[in-house]
Amino acid sequence: MSLCGDTWNQHEHDMDLALGILPHITPQFFVPRMFDKPQDPIVHAIDREKATTLEKRDARNLDSRDTTRAQDISALPSLSPEVLWANSATSGDHHSDQVVSWDVLRQSHPDRSYNTPFLTEQSSDVSASAQYQSDSFFYSVNDITNVTSSMRPLPFDPRANVVCVNELELLESLRMTVLGTSSFLHTWDPVSETFLSSGGAENMPNKLLISGKDETMSSSLLKRFLDIGTLMRRLEVFLSALRTRRKEENATVHAFSHALSVVLVYLRDQLFRGPLSNFCIPVSPKTLSATWLYYELFEEIVVSLASLCQRGLGLSPSQYPRFTMKPVALLSRIYKYLDTQFRKSSSRSLIAVFAYLLTMTSKNYLQALCRSVAYADSNNHRVATSQQPRRTAIGPLDIEDFDQASPEDDGVLFAEDHELPSFILRDLAEVLPAAQKSLKLLAAAKPGHPVLNPPVRRPFITWVWSTRDIEDLWRTGSLDEVGDVAPTIGSHSPPDLASADGNLPGSDYQSDLVGFRLFDLEPGSNGDDTFNEHSMHAALESFILSFPPVLPSITPNLGLLTSLVFSPLISHAASLSSALLSIFLDQNSFLYLHDHLVLLRSHMLLTSPSFKSRLTAALFSDTDDREVVAGGGKSFALSRQRSRSAAGVAQHGTRHWAVGLAPFLIERGTWPPGGADLSFFLRTVIVESQDICSFGPDDSQEHELGSRRIAKEAEIRLGFAIRDLPSDTGRERWLNPLYIEALDFLYLDYKVPHPLEVIITPDTTSKYQRIFSFLLRVIRVESAIRAAFRMTHQDVLFPTLNQSRKLLTHFRFVAHSFVTTLSAYIFDVAIGGNFDAFLARVTACRLGTSSEFTDVFSLAEAHSAVLNDILSACLMRSAQRAAGDLLRGSLELILELCVMIGDLNDGRLQEYQASSALDVLFAAFRNRISTLIKVLEVLLEKDLKSSQRQELLLALQEQSDVRHAPGGVEALRHLILRLDINEWWKNLNS
C-alpha cells in the first residue's frame, strides 16, 4: 500500500511541476464605495440594462462554444490530461459561477442569478416553488398550533383534491373543453350546465394546478377557456330547446335559430383552428399566454351571444327567463344589442356576428313588409293583383273586410296601434298603415296603375353593410344596384341550379323543373361543389372578413344607416298614398272627390236651392189653411186630398193642427206617415231636382266618365229611408206630429262608390244625417212661423184682449227674427263657411298649389273635422249639451206658439185660455234666449285661444286670397253678433 501511495504522490508531484503553481484564490467581487452625490435611478437602470445585454451576449457565445465542443467530442480521448488542463487554463473562460469539469459541457438548467429581489419577477418555476413551499409551511404551522391567522390565506382548501398538470396536458384537454366537449380534466354537468373538474375522490372539490403556477394564476388562466366552453354548450342546449317549441315557432324565430346555429358552427370551426388544434404543441414559456390571448376575441363574442339568448354565466338553469318567441320583440332585441356594440366600438368580428344575425333573422319579416305595400318583384305583384276579385265603382262596400283582416293573411299587416320593431322608423310607422290600405284601395280603383306595375324590378329591402353598397344606396336612392356583402346573404333565390354540372343525371330537365335534378343524385353526394361554396358557413365567414371596420361617414351610426336602408320603402309607401289621392282628385274620374262632396252638400246639407225648395214643399206647409197645399206643393197633392170626405173634415175639428207640416202627411190620422205615397213624393223630389242640373252642351265621353256620370247616378245613390227609433212606451216625442222631433224618423242616405268610402266613411255619413235632421227641425219651425204670420195677419185672434194682441204681435216678430237669423247663420256660416273652405282646400291640392293632404287618410280626417266643426257651430256636440238644449228649447217654444195660434184660429182654443198661455210662452222664451246668449259667451271664453287663432286667421285672410273656415266653436261669435248685436238679450234680466 505504501508503495502504491508513494507512486501516486510522486505522480502528482510531477504533474504539479509540469503545470506550475496554481494562483491564489481571491474574491471575485467587491462593493464599490458610494459617491458623495445624489443617486440617479434612470442612469442606474440604463447601466443595468447594458450589463444584462452583455451577459446575454456572453451566454450566447458560451452556447456556441459549447456546441462546437459538443461536435468535437470524438477528439477528446486523444488529448492528454496535461493538454486538457492547459487548454482550459488558457481558453479565457473564467466564470465565477461555473465549474469547469471534463464531464459537464452544458448544464441542463439555467443557474444565472437575477438582478431583482422579487420572486414574481423570476422564472415561473422559482416563484411557484417558493410560493408553494411558503404556503405549505405556513399551513403546517397552523395545523400544529390549531391557530388560523387572518393575515395570510391558505393556498387552497385542505379538503380539496389537488390535480397538478403540466402545460402540455392542459392544452390537450382545453382543446376539447373550449369546443364545449368533456375532456379528461373537465366533465360537463347537465344539471348546472357547467364544466366540473374530473378525477379525485367523491364529495371532494377538485383544484387544478398548472405546473409552475399557483392556484390564483391557474384559475385565472383556466377561466377564459372554461367560460367559452360553457357558453358554447349552453347555446347549443338553448338551440335544442328552441327547436322543440314547434307550436310557438314562426318564420322569424326559425330564421334566428338557423342563423345562430350557423354562427356556432363558425365559432367552433375558428376555435378548432386556433393554437389548440396542434396536438404536439411545442410548449414554451409563452405558449400558454399566447393561447390565452388568442381566445380573447371569441370569449367576447360568446359572452355577448349568451347575453342575447339570456344564458349568461351569472344565471343557473332554474333562473333562465323564458325566451321571447314574438317576432317584433326578437328583432328589437337583436337590433338593440347590435346598436350597443356599435356604440361601444366593439371588435369588428363581434359587430359582424350581430349584423349577420339581424340580417338573416329579419329577412322574412322585411320581405313580408315589402309585400304588404307591393314593394317587390313586379311579376309577383301582377300575379297577386290578377288573383284579386275585380270590383266596379258601384260594387259592394268591402273596406270592412280589409279592416278586419288578420295580420297572418298578408304576413305583415299593421294597424296604427300595433307594436313594431325598434328599427322601424317613425316616418315609416306613420305611412305604413296608410300605404297598406292605399294599396288595396288603389288596386280596386285602378288595377293597372304604374305604381302597382313598375317596369323595373325592385328587390326586397335588406340590410347593407359594405361601404360600396351604402354609397351606392346613398347615390341612387334605391336598392337596384346594391349588391350583397356575402353571396348568399340577402339573396332572393337559391343557387342557380341550371349553371351546375351539366353532366349530372337528368340534365335534360326543363328550366322550370331543373330543381328536381337533386333527386337523381346518389345518396350522400351533391354532384358539385356549388352548394359547398354557397353554404351558409362560407357565407358567414366571407361576411365577417368583408365587414367594414367602421361605417362610412355618410352613415356614421346604426340609426342613420337604418334610415338610409328604409328610405326606398318610405318613398314607395308615400307614392302609393299619393297615387290613390291623385285618382280621387282627377276631374275626369268617376271617383272625383270634389263632385261627390258637392253632391253631399247640396242634398244632405240642403244647400241646393232646387232640392231644398222641393223638399220643403213636399214635407212642410206655411199656409194659413190646414187643408191647402201652397206653392209648388200643389204638384204633390193627391186626388184623394182634393176630394176630402166629410168624415175627414169632422176629424180635423177634433185634433190639433200640426202647423208647419204638409197636410197630406197627417191626413191618415197616424204618425209617422207611411205608404207608397210618401215614398213616391220623396223619390220625385230627388229625381226632379237632378233634372234641372246643367251639364253643358258637350256630351263627350270625357264628361260621361267624370262629373256627368256622378250627377247621372245621383238619383240612384241618394235615397230617403226611415230610421228605426225606439217606441217602447208609445209616448216618444217623435211619434207626435206636434213636437219638433216629428220628422226625426226620416233621413237621407247616400251609397258611396267603392273605394271612395275611405273618405266618405259611415261615421261621416252619420254626421251628415245628424245635420240633415237638425235642418229639418229648423225648416219645420221656419214654415210654422210663416204660417203663424199669415194667420195673425188676416184675422184678429185677440179681438177683446188688446194687451194680448200686442204681445202676440211682438212675440211673433221676435220669434220670426230669431228663426230667420238662426237659419241664415246655419247655412251661411256654419255650413257655407266651413264646407266651402274645405272644398277650396281640396281644389288647391288638386291644382298643386297646396300640399296639405299627403294621402287620402289625411283628407278623410280633414273631411271628418269639417263636419265636426259644423256640428259644433250648430251646438250639436255632446260637450255643448247645455247650450244645445237651450237652442232646441227655444225652437220648441216657437213651435208651441205656432200650434197655439193654429188652435186659436180653428176655434179649438178660447181667447182667455190663449192669453194666459201666451204670457207663459213669452216669459219662457225670453229666459231661454237670454240664457242662451250668456252660455254662448261662456263657451267662447273657454275657447279663448281658438278665438285668438280665429282673429289671426281673419287677419291672414285679409292679406291673402286663401279662404279660411270660421271653425266650430269660433263660429258661435257670429251667432252672438247676429242675435244680440246691441246686447239687449244679454242685459234683459240685469
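With an unreviewed UniProt entry as reference, the protein is termed Spindle pole body component, source organism Suillus discolor. Regarding the protein, the relevant UniProt record gives this comment under Sequence similarities (unreviewed entry): "Belongs to the TUBGCP family." Entered under Subcellular location (unreviewed entry) in the UniProt record, the comment concerning the protein runs "Cytoplasm, Cytoskeleton, Microtubule organizing center".

What follows deals with the overall build of the protein. When you go through the protein residue by residue, the secondary structure sums to 35 helices and six strands. Put simply, the protein has 990 residues, and 43% of those count as buried. Restricting to contacts in the protein with at least 6 residues of sequence separation, those with at least 24 account for 75%. Entry remark: accessible area of the protein is about 53,400 Å², with carbon and sulfur atoms responsible for 55%.

This brings us to the packing of helix 10 (residues 327–343) against helix 11 (residues 348–361). The geometry of a pair of packed helices is captured by two quantities: the angle between their axes and the separation between those axes. Their axes nearest at 9 Å, the elements helix 10 and helix 11 cross at an angle of 155 degrees. Compared by their axis directions, helix 10 and helix 11 come out roughly antiparallel. Crossing of helix 10 over helix 11 shows left-handed handedness. Along its contact with helix 10, which presents Leu330, Leu331, Ile334, Tyr335, Tyr337, Leu338, Gln341 and Phe342, the element helix 11 presents Leu350, Ile351, Phe354, Ala355, Leu357, Leu358 and Thr361. In terms of residue class, the contact of helix 10 with helix 11 is built from 13 nonpolar, two polar and no charged.

Right, let's get into the nonpolar core. In this structure, Phe256, Leu305, Trp465, Phe566, Phe584, Leu615 and Phe818 are the most contacted members of the largest nonpolar core, which totals 233 residues. The element that contributes the greatest number of residues to this core is helix 30 (residues 802–847), accounting for 19 residues. In contact with phenylalanine 566, not counting residues within four places along its chain, are Leu366, Leu369, Phe423, Ile424, Leu428, Ile461 and Trp463.

A separate point is a nonpolar patch on the surface. A cluster of nonpolar residues, Leu513, Phe516, Leu518 and Phe519, forms a patch on the protein surface that exposes about 440 Å² of accessible area. By the secondary structure assignment, phenylalanine 516 is in the loop between helix 16 (467–476) and helix 17 (530–533).

Take the packing of aromatic side chains next. Summed over the entire model, instances satisfying the criterion amount to 28 aromatic pairs. With 5.0 Å between their ring centres and 80 degrees between their planes, phenylalanine 238 and phenylalanine 323 make a pair best called edge-to-face. Of the two residues, phenylalanine 238 sits in helix 6 (residues 215–244) while phenylalanine 323 sits in the loop between helix 9 (296–308) and helix 10, which places them 85 residues apart along the sequence. Summarising the burial analysis for this pair, phenylalanine 238 and phenylalanine 323 share the class buried. Clustering of aromatic rings is evident, with ring pairs tying together Tyr335, Tyr356, Phe423, Trp463, Trp465, Phe543, Phe547 and Phe566. Here lysine 612 stacks its cationic end above the ring of phenylalanine 827, 3.9 Å away from the centre of that ring. Its end group placed over the ring of tyrosine 739, arginine 733 keeps NZ or CZ at 4.0 Å from the ring centre.

Attention now moves to the pattern of salt bridges. In total, this model carries 24 salt bridges according to the counting rule given. Residue arginine 733 pairs with glutamate 741 through a salt bridge whose shortest N-O separation is 3.0 Å. Aspartate 903 is the partner of arginine 908 in a salt bridge, and the nearest nitrogen-oxygen pair spans 3.7 Å. Given the relative accessible area of 30%, arginine 908 is considered partly exposed. Owing to a relative accessible area of 7%, aspartate 903 belongs among the buried residues under this scheme. Bridged by salt links that share partners, the residues Arg468, Asp469, Asp472 and Arg475 form one connected network.

Axis separation between helix 29 (residues 762–794) and helix 31 (residues 856–873) bottoms out at 10 Å; the angle between their running directions is 25 degrees. In terms of orientation, helix 29 and helix 31 fall into the roughly parallel class. The two elements helix 29 and helix 31 cross, and the hand of that crossing is left-handed. Residues Asp763, Thr764, Lys767, Tyr768, Arg770 and Ile771 of helix 29 touch helix 31, and the partners they reach there are His863, Ser864, Leu867, Asn868, Ile870 and Leu871.

A word on the environment of phenylalanine 256. Tracing the sequence through the fold places phenylalanine 256 in helix 7 (residues 251–272). Of the residues examined, phenylalanine 256 reaches a relative accessible area of 0% and is grouped as buried. Residues phenylalanine 256 and serine 362, spaced 106 residues apart in sequence, show a C-alpha to C-alpha distance of 8.4 Å. Setting aside residues up to four positions removed in sequence, phenylalanine 256 forms contacts with Phe238, Leu242, Leu308, Cys309, Phe323, Leu330, Ile334 and Thr361.

Thresholds applied
By convention here, each chain's residues receive numbers from 1 onward along its written sequence. Only residues with pLDDT of at least 70 are given local features in this predicted model, and only at 80 or more are side-chain atom pairs given and counted; all residues enter the totals for whole chains, interfaces and linings. Side-chain descriptors were evaluated using all non-hydrogen atoms of the structure, hydrogens and water having been removed beforehand. UniProt positions are given in the numbering used here, feature names are shortened, and annotations may be inferred rather than shown by experiment. Helix and strand definitions follow DSSP, with helices as H or I runs of at least four residues and strands as E runs of at least two, each counted in order from the N terminus. Under the scheme applied here, a residue whose accessible area is under 20% of the maximum for its type counts as buried, over 50% as exposed, and between as partly exposed, the area being computed with a 1.4 Å probe on protein chains only. Contacts are assigned to residue pairs that have any heavy atoms within 4.5 Å of one another. Note on areas: Shrake-Rupley with a 1.4 Å probe; residue coverage comes only from the protein chains shown. For helices, the fitted line uses only the C-alpha atoms of the stretch in contact; every axis is such a line through C-alpha atoms, and the angle between N-to-C directions lies from 0 to 180 degrees. Roughly parallel means an angle under 35 degrees; roughly antiparallel, over 145; roughly perpendicular, 65 to 115; everything else is oblique. Crossings are classed by handedness, with left-handed meaning an anticlockwise turn of the near helix from the far one by less than a right angle and right-handed meaning a clockwise turn. Three residue categories are used. Nonpolar comprises Ala, Val, Leu, Ile, Met, Phe, Trp, Tyr, Cys and Pro, charged comprises Asp, Glu, Lys and Arg, and polar comprises the others, including Gly. The nonpolar core is taken to be a set of buried Ala, Val, Leu, Ile, Met, Phe, Trp, Tyr and Cys residues, with the residues joined through side-chain atoms within 4.5 Å. Patches here are clusters of residues that have more than 30% relative accessible area and form no salt bridge, with a 9 Å joining cutoff for like charges and a 5 Å cutoff for nonpolar side chains (Val, Leu, Ile, Met, Phe, Trp, Tyr). The rule for a salt bridge is simple: a side-chain nitrogen of Lys or Arg has to be within 4 Å of a carboxyl oxygen of Asp or Glu. Between 30 and 60 degrees the pair is tilted, below 30 it is stacked and above 60 it is edge-to-face, where a pair is any two Phe, Tyr or Trp rings, Trp via its six-membered ring, whose centres lie within 6.5 Å. Two thresholds decide whether a charge sits over a ring: the Lys NZ or Arg CZ must be within 6 Å of the ring centre and within 35 degrees of the ring normal.

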